[in-house]
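These are the residues of each chain, in order.
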Amino acid sequence: MSEIATDLPRQQPASVVTEGGLVRGLLIAVAIVFLALFLVLPLATVFVQAFAKGWDAYLAAFHEADAHAAIRLTLITAAIAVPFNLVFGVVASWAIAKFEFRGKNLLITLIDLPFSVSPVVSGLIYVLVFGSQGLIGPWLIEHDIQIIFAVPGIVLATIFVTFPFVARQLIPLMQEQGTAEEEAALTLGASGWHAFRTVTLPNIRWGLLYSVLLCNARAMGEFGAVSVVSGHIRGLTNTLPLHVEILYNEYNFVASFAVASLLAGLALVTLGLKSLLEWRYAGDIAASGRRH
Amino acid sequence: MASPPLRPRRRFRQPSVIPGFGLTLGYTLTCLSLIVLLPLAALVVRASGLGLSGIWEVATDPRVASALRVSFGISALAALTASLFGFLVAWVLTRYDFPGRRLVDAVVDLPFALPTAVAGIALASLYAPNGLVGEQLAKLGIQAAYTPVGIYIAMVFIGLPFAVRTVQPLIVEIDKEIEEASATLGAGRFHTLTRVVLPPLIPAVLTGFALAFARGVGEYGSIIFIAGNLPYVSEIAPLLIVIKLSEFDYGGACAIATIMLGISFVTLLAINLIQAWSRRRFGYV
Amino acid sequence: MSSETHQTRSRRSLALSACLATALLLAGPVFLTGPVSPAGPARADSELLNVSYDPTRELYKDINAAFSADWKAKTGETVTVRASHGGSGSQARTVIDGIPADVVTLGIPSDIDAISRLSKKIPADWRTKLPNAGLPYTSTVVFLVRKGNPKGVKDWGDLVKPDVKVITPNPKTSAGGRWNFLAAWGYAYEKDGKDVDKANAFVGELYKNVPVLDTGARGSTVTFAQRGLGDVLPTWENEAYLVFEEFGRDKFDVVVPPTSIYAEPPVALVDANVDKKGTRKQAEAYLQFLYSDAAQAIFAKHHYRPLNRAAAKPEHLAELPELKLFKIEDLQGNWDDIQKKNFDNGGLFDQLSKAGR
C-alpha cells in the first residue's frame, strides 16, 4: 500500500475526455459487481452468520471471561504497537523525505520488507530469536524473562507486521511537499522541532491519521504472525482473531462470527472514519497533497 | 523538489539546512535493525546452517518446489486479476460520478482492515459447495473452495486494494489538457487512452501488481480455510513451513522461509526502483 | 553552519538516538513481562498450564474445574488450570520453544518423545512415571457418515472404493490424522497376510480418495459436517460423538468398524518447567487426579475410553462399543520407528503423496 489515495477525485464535467454513456455504465456495473462479489459478500456473510440465532446468542458471545481477556489483550497490543509505529513512521519519513543520501532505495525497501514477509515467517523469526532454542533464549530463561508465548512476543510480532504502515504512507507525502517550507521557517529562526510542529505536521496530518487508522485495524486483526508466537493459552495469550479461530474450532459458529463481526465492525468504522475525513477535509487534504 | 538530484557520489548525503538527520536516521536504523533485520538475520543464519547446497536441496524437493509453484503461480495469476479489475475500479472511482461512489471507494480498503482469519472463514462458507456462491458455481461444474480456485479467490481478495490504491492517485493527477489535446488532434477515445493516458500509469500498475503478488505469496490466514491443502495440488508454501515446524524440522522451515524472503526482497526492491525511476521520468510516483 | 561541525553533530546524535531507541525497545518487553506473563512471580494461588491437543477442549474444561475443586477441598489452595489447544505436533513445538507448560496431554506418544529428545524438558523414560504408560484414558478411530450411510461404509476396506470421498486431517500436522493413517495401515496389514507392501498400497489408495487435508482434526470435522464435503470422516471416537451433540444426531450416523486402532493419547509432567516455576506438587497432583474415579467418570462422559471402567457410569460405557483393537507397536515396532517410517520427511506418507499426484 505504498500510495493510498488521500486526495479525493474532483468532480469532472462531461467532455470529450470521457467514454460514451453506454461504455461508462458498463464499466461502472462491472466494477460494482466485482467488488460486491469479492469484498461485500464475505463481509455480509460475517454479519449474517453472527445474527443467525438472534440477538441473545450474539450478545452471549461477549459475556464470557475468555472473550473479555481476548478483547483486553487486543487493546493492550494495539495500544503499544500503534504509537510505536506512529513515532517510527514520522521519524523515518523525516529522515528519508527531507534529506538526500545514498542507499535510500535500499532503506525504503527494508522498511517495506515486513509487508511482504509471510505472516507465518514473521512469527517464526521471533521464535528463532526468543525461543528456548533461539539466539538469546538461554539468556532469557536464565533471567526468567518470557517473551514469546506471552504478551511481549505478541506485541513484537504485531509491531513487525504493521511496521511499514505509517512510514510508507508518509514518505511519498513528505517527498512531494519538498523542503522549501521548512527551510523558510528555519531561515526565519525557528528551531527544527518548531518547524516540524508548525510546518510539517499540519501538512501531513491527514495522511498520518489515515495511516494510523489502518495500522490500528491491522494491529488488532493480525492472525498468522500472532498465532505462531501466542501459544494459545486460554484467557492469557489469545487475541481476538485467535479467539475467533478457537470458537470456530469448538463448533460455536455463532459466537465465532459474532466476535469476527466485532473485528469486521472495527474495519467498517475505520473505513467510515477515513471516508468522513476525506469528505470533511477534502479541500485541506487536496491542498496539502498537491503543494509542491 | 527543493534539492535537485545532483547525486555527488563521494558524499554520503547532500548538505541541507534542515536539522535532525543524524537523530532521525539513527532512530530509524536502530528500530529497523532490532525489529526487522535482526530477527530476519536469525532466520537466514538458521537456514544457512544447512549450507547453500542444503537450501538448494530443500528448494528442489518436489513437494517444496510444487508448493512454491502453487504459491507463486496462483499469486501471479491473482495479482494479474487484481491489477486488471483494480485498474478498472480505480478508473471508475476517479473518472465517473455515480450514486454511492464514496461508499464503493471505502469498500475497496476492506481487505486491509478485515482480519485474514475472518476473511478466510467467510470466504470458505461462501464458496463451499453448500455455500451461497459455491452452490451456483457447482451448477456450472466449478468447485471453488478446497481447490486451487479457492486459493486464487482468497489472493484476489487480499490483493485488490493494493492494485486500486497505487493507481488511483495517478489517475487523479492525469492532466486533462493532454487528453483534450489528443482529442482535438483527431485521436479517437481508444487511441487517446492507449497512447496518451495509459503509458504514464504503467509504473503504478506494475507497483500494484508487485505488491499484490508479494502479499499473495505470503498469505496464510485466509487461504488455509479455503484451500484443500493437498500436497502437489493446493498446498501453499507458508503451510509447508507450518508443516515443517510441526515435524520439528526448523532447518527446512527456515530454508523455505529464506527462499520466500529472498523473492519478496527482490520484488520489493524492483517496486522501489520502478518508483524511483518513475519519479525521475514523470515527476511523480 | 560548516559541513564539518554538522557532520560531527550528526554523528553524535546518531549514536545518541541509537542508544535511546535500544533502551526503549528493551525496556518495553522487560516491563511487560512482570505482571502479565505466565512466568511471572507466583502468586499465593498457583496456576498450572496444560498444553493439550485439539479435540480435548470440552474434556479439560470439565477436568480442570473438577481438579480445582478437589485441590481446594484437600489443601485449601486455589489452583487455576489454564489450557492451550492446537494440533498435537505444533503444541509439542511450543513446549520445545519455551511455553511454560506444567503438563502436556498430547495426541500421540511420539510428540512427547520429540519434546524429550529436542528440549530435554521431559525425561526420556516419561512412560514409566505414571500408571499405564502415561495413559489415563485411550480412544480409537470410528467412522462418521451421512445419515442412513448412503455409501454403505462398514469397514476400512470400503474407504478405498472409487466413489467414496474420505475427509481426514493431514498426518503431518494432526495426531488424529496419524491415528487414521496407522489404523488404515494396520487393517490392511492384518487382512492381507501381514504384507507391508500391500498395506502401504492400501493406504495410498485411501489417500487418493481424500479431497481436503485440513491441518487439524477439528478442521476436518468442520469440512465434513458444516461444509458438507465427503462421505466418511474417520475420526477420534470422542470427536464423532461430539459431532452428534453439536450438529444433531439426525444428520449423521456413527459406523464402528469391526477392527480399529488402540489410540494412545499420553500425558506427562514437564519436569524442567515445574521445577523452575515451583509447581511440581500441584502438577503431579493434577496428573494423579486424571487416574482418580472422578476423572475417569468424566473421560467416559466425553466418550474417551477410561482406564478404570468401574468408575464410569453405565450409560456412558454403553456408547463405547466392543471392537477388536490392535496396537500399532505390535505391528511396526517402537514409536521412534513408527514416526520415522511413516510421517517424517521422506516417510511413507510423503512417498504416497508423491506417487499419488
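The rules behind the values
Residues numbered from 1 in each chain as written. Chains lettered and ligands numbered in written order. Predicted model: local features only at pLDDT ≥ 70, side-chain atom pairs only at ≥ 80, totals over all residues. Heavy atoms only, no water. Salt bridge = Lys/Arg side-chain N within 4 Å of Asp/Glu carboxyl O. Buried < 20%, exposed > 50% of the residue type's maximum accessible area, 1.4 Å probe, protein only. Helix = DSSP H or I, 4+ residues; strand = E, 2+ residues; numbered from the N terminus. Expected span 1.5 Å × (residues − 1). Bend = angle between axes of the 7 residues up to and from the residue. pLDDT = per-residue confidence, 0-100. Contact = heavy atoms within 4.5 Å. Axes fitted to C-alpha atoms, helices over the stretch in contact; angles between N-to-C directions. Parallel < 35°, antiparallel > 145°, perpendicular 65-115°, else oblique. Nonpolar A, V, L, I, M, F, W, Y, C, P; charged D, E, K, R; others polar. Left-handed = near helix turned anticlockwise from the far one by under 90°. Polar contact = N/O pair within 3.5 Å; in protein donor to acceptor, adjacent residues only side chain to side chain. Pairing = 2+ DSSP bridges.

**Student:** Would you mind showing me how to read the pattern of salt bridges here?
**Tutor:** Side chains that carry opposite charge are capable of pairing whenever their charged atoms lie near each other. Evaluation of the coordinates by the stated rule reveals 39 salt bridges over all chains. A salt bridge links A:Arg218 to A:Glu222; the shortest N-O distance between them is 2.7 Å. A:Glu222 matches A:Arg218 in its accessibility class, with the two residues each being buried. Residues A:Glu250 and C:Lys61 are paired through a salt bridge, measuring 4.0 Å at the closest nitrogen-oxygen approach. Residue A:Glu250 is located in the loop between α11 (240-249) and α12 (253-280), and its partner C:Lys61 is located in helix α2 (residues 57-75); the two belong to separate chains. Classification of C:Lys61 by relative accessible area gives partly exposed; the value is 45%. Shared partners join several salt bridges into a network, and the residues in it are A:Asp66, A:Arg234, A:Glu250, C:Asp54, C:Arg57 and C:Lys61.

**Student:** What's the story with the environment of B:Ile202 in this structure? I'm lost.
**Tutor:** Residues and elements named next belong to chain B. As for its placement among the helices and strands, Ile202 is situated in helix α11 (residues 202-218). For Ile202, a relative accessible area of 46% translates into the label partly exposed. Along the chain, Ile202 and Ile274 lie 72 residues apart, while their C-alpha atoms are 9.9 Å from each other.

**Student:** Please clarify how helix α1 (residues 21-50) of chain A should be interpreted in this entry.
**Tutor:** All names here are of chain A. Taking 1.5 Å as the rise per residue, α1 with 30 residues should run 44 Å; its terminal C-alpha atoms sit 41 Å apart, in good agreement. Of all the bends in α1, the greatest, near 40 degrees, is centred on Ala36. Of the residues making up α1, those classed as buried are Ile28, Ala31, Phe34, Leu35, Phe38, Leu39, Pro42, Leu43, Thr45, Val46 and Ala50.

**Student:** Can you walk me through the environment of C:Ala114 in this structure?
**Tutor:** Note that C:Ala114 resides in helix α4 (residues 109-119). Between the alpha carbons of C:Ala114 and C:Ala183 there is a distance of 22 Å; along the sequence they are 69 residues apart.

**Student:** It is not clear to me how the confidence of the model for chain C should be interpreted in this structure. Could you clarify?
**Tutor:** For any part of a model where pLDDT is low, the fine detail of the predicted coordinates should not be relied upon. All names here are of chain C. Residues with a pLDDT of 70 or more make up 87% of chain C, whose mean pLDDT is 88. Long-range and interchain partners of residues 28-44, a stretch whose pLDDT sits below 50, account for 23 contacts in this model, where long-range means more than four residues apart. Both scores are available for the predicted complex, with the pTM at 0.87 and the ipTM at 0.83.

**Student:** Just checking my understanding: could you explain the packing of α1(A) against helix α8 (residues 148-173) of chain B for this structure?
**Tutor:** When two helices pack together, their arrangement is given by the angle between the helix axes and by the axis-to-axis distance. Between α1(A) and α8(B), the least distance of the axes is 11 Å, while the angle of their chain directions is 95 degrees. Classed by the angle they form, the pair α1(A) and α8(B) counts as roughly perpendicular. Residues A:Phe34, A:Leu35, A:Phe38, A:Leu39 and A:Pro42 of α1(A) form the contact with α8(B), whose participating residues are B:Ile153, B:Val156, B:Phe157 and B:Leu160. When its residues are assigned to classes, the contact of α1(A) with α8(B) shows nine nonpolar, no polar and no charged.

**Student:** Help me understand the packing of α12(A) against helix α6 (residues 116-127) of chain B in this model?
**Tutor:** Relative to each other, α12(A) and α6(B) sit at 125 degrees, their axes nearing to 10 Å. Looking at the two axes, α12(A) sits oblique to α6(B). Considering how the two elements wind past one another, α12(A) and α6(B) form a crossing that is left-handed. Where α12(A) abuts α6(B), its residues A:Ser256, A:Phe257, A:Ala260 and A:Leu263 lie against B:Val118, B:Ile121, B:Ala122 and B:Ser125. Its residues placed into classes, the contact of α12(A) with α6(B) shows six nonpolar, two polar and no charged.

**Student:** I would appreciate a short explanation of the interface of chain C and chain A in the present structure.
**Tutor:** When the parts of a complex come together, some accessible area is lost, and that lost area is often used as the size of the interface. Between chain C and chain A, the contact holds 39 residues from the first and 30 residues from the second. Our enumeration of links across chain C and chain A arrives at three salt bridges. Taken together, the links from chain C to chain A amount to 17 residue pairs in polar contact (both at pLDDT 80 or more). Counting residues per element, the ones that place at least two in the side of chain C that touches chain A are α1 (3-36), β1 (46-52), α2, β2 (79-85), α3 (88-96), α4, α8 (217-226) and α9 (237-247) of chain C.

**Student:** What is the right way to read the pairing of strand β5 (residues 141-146) of chain C from this model?
**Tutor:** Across a regular strand the side chains alternate sides, sitting on one face of the sheet and then on the other. Residues and elements named next belong to chain C. Of all six residues making up β5, five are buried, and the element is well covered by its neighbours. In the sheet, β5 pairs with strand β7 (residues 252-255) via four bridges, with the strands oriented antiparallel. Bridging across to β7, Leu144 finds its partner in Val254.

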